[in-house]
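Breakdown of the fold
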Amino acid sequence: MDIFVGIDAGTTGATVALFDENGSEIANGYQKYSCMYPHPGWVEQNMEEVWEGICKASQLALNYSVNHKGATIRSIGFSSQRGTFALLDENEKLLDPAVVWSDSRTKKVEEKLRQLFPDERYRAITGMPISSSWTLAKIVWLKKYRSEIMKRVRWIVNG
């Protein structure tokens, strides 16, 4: 039997669902994780906690699918919090908590982006409207206010 896996790493928890070749759900698992609010309007996450949540939800789904032991996983689909990202150094180690899509510390950066890029031009380049929810505004903010960390960034992993 073939199994298809869907993983949703959401803002407050991870859901993992297993499906058969007909698209019927076999089992699912959910694991909650937290957000941190270090300042008003800031929303961050510990990505190690998110990863542990994905792993625990996966294990729960596999445990609930006891009648399907030995099945072959044919594909895995993954969705996550668009606009949430983590900063990694050259050794792929986390430098700071992830900045979550709903973090609003970058509202003034959004205004500055609007001055630099007409909305139509920005949308033509990115396919999206200018918003403080997206990664670009947050990276601009981090470069200005957290430059010591940004100097060490090798990878930006976007949700």
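I will try to describe carefully the structure that is included in this document. (Residues numbered from 1 in each chain as written. Predicted model: local features only at pLDDT ≥ 70, side-chain atom pairs only at ≥ 80, totals over all residues. Heavy atoms only, no water.)

All right, on to the overall build of the protein then. What the protein contains, in helices and strands, is 5 helices and 8 strands. Counting helices and strands in the order they occur from the N terminus, the protein gives β-β-β-β-α-β-β-β-α-α-α-α-β. Seen along its three principal axes, the alpha-carbon backbone of the protein occupies a region of about 55 × 35 × 30 Å. For the protein, the residues scored as buried account for 36% of the 159 residues in total. For the protein, the proportion of contacts with a sequence separation of at least 24, taken over those separated by at least 6, is 57%. Counting only carbon and sulfur atoms, one obtains 53% of the accessible surface of the protein, whose full area is about 9700 Å². Side chains of the protein give 20 positive and 19 negative charges; the mean places of these two sets differ by 8 Å. (Helix = DSSP H or I, 4+ residues; strand = E, 2+ residues; numbered from the N terminus. Buried < 20%, exposed > 50% of the residue type's maximum accessible area, 1.4 Å probe, protein only. Contact = heavy atoms within 4.5 Å. Areas by Shrake-Rupley, 256 points an atom, 1.4 Å probe, with all protein chains shown as cover. Lys, Arg positive; Asp, Glu negative; His and termini not counted. Charge placed at Lys NZ, Arg CZ, Asp CG, Glu CD.)

The subject of this paragraph is the environment of Ile7. Positionally, Ile7 belongs in strand β1 (residues 2–9). The class of Ile7 is buried, set by a relative accessible area of 13%. Linking Ile7 and Thr106, residues 99 residues apart in sequence, is a C-alpha distance of 29 Å. Excluding anything up to four places from it in sequence, Ile7 contacts Thr15, Val16, Ile54, Ile76, Gly77, Phe78 and Ser79.

Every buried residue belonging to helix α4 (residues 135–145) is among Thr135, Ala137, Lys138, Ile139, Trp141 and Leu142, and all of these are buried. Buried residues along α4 sit against β6 (85–88), β7 (98–99), α2 (107–116), α5 (147–150) and β8 (155–158).

This brings us to the nonpolar core. Phe85, Leu87, Val109, Leu113, Trp141, Leu142 and Met150 are the most contacted members of the largest nonpolar core, which has 15 residues in total. For this core, the element with the highest residue contribution is α4, accounting for 4 residues. Counting 13 residues, the second largest nonpolar core, distinct from the first, contains Ile3, Ala14, Ala57 and Ala61. (Core = buried A, V, L, I, M, F, W, Y, C linked by side-chain atoms within 4.5 Å.)

Moving on, we come to the environment of Ser132. Considering the arrangement of structural elements, one finds Ser132 in the loop between α3 (119–126) and α4. The class of Ser132 is buried, set by a relative accessible area of 7%. Sequence spacing of Ser132 and Glu110 is 22 residues, and the spatial spacing of their C-alpha atoms is 5.3 Å. Once you skip the residues sitting within four places of it in the chain, Ser132 turns out to touch Asp103, Thr106, Lys107, Glu110, Ala137 and Lys138.

Taken together, 4 strands build an open sheet; the order of strands is β3-β2-β1-β5 and the sheet is mixed. Each having just a single partner strand, β3 (25–32) and β5 (72–80) make up the two edges of the open sheet. Strand-to-strand, the axes of this sheet are offset by a mean angle of 15°, without reference to chain direction. Pairing analysis gives 7 bridges linking strand β2 (residues 13–19) to β3, with the strands arranged antiparallel. Directly across from Leu18, in β3, lies its bridge partner Ala27. (Pairing = 2+ DSSP bridges. Axes fitted to C-alpha atoms, helices over the stretch in contact; angles between N-to-C directions.)

Evaluation of the coordinates by the stated rule reveals 8 salt bridges. The partner of Arg74 in a salt bridge is Asp2, with the nearest N and O atoms 2.9 Å apart. Taken together, the positions of Arg74 in strand β5 and Asp2 in strand β1 put the pair 72 residues apart, joining distant regions of the chain. Look at Asp2 and you get partly exposed, because its relative accessible area is 25%. The residue Asp103 makes a salt bridge to Arg105 at a minimum N-O spacing of 2.7 Å. A single burial state applies to Asp103 and to Arg105, both of which are buried. A network of salt bridges, in which partner residues are shared, links Lys107, Glu110, Arg114 and Asp119. (Salt bridge = Lys/Arg side-chain N within 4 Å of Asp/Glu carboxyl O.)

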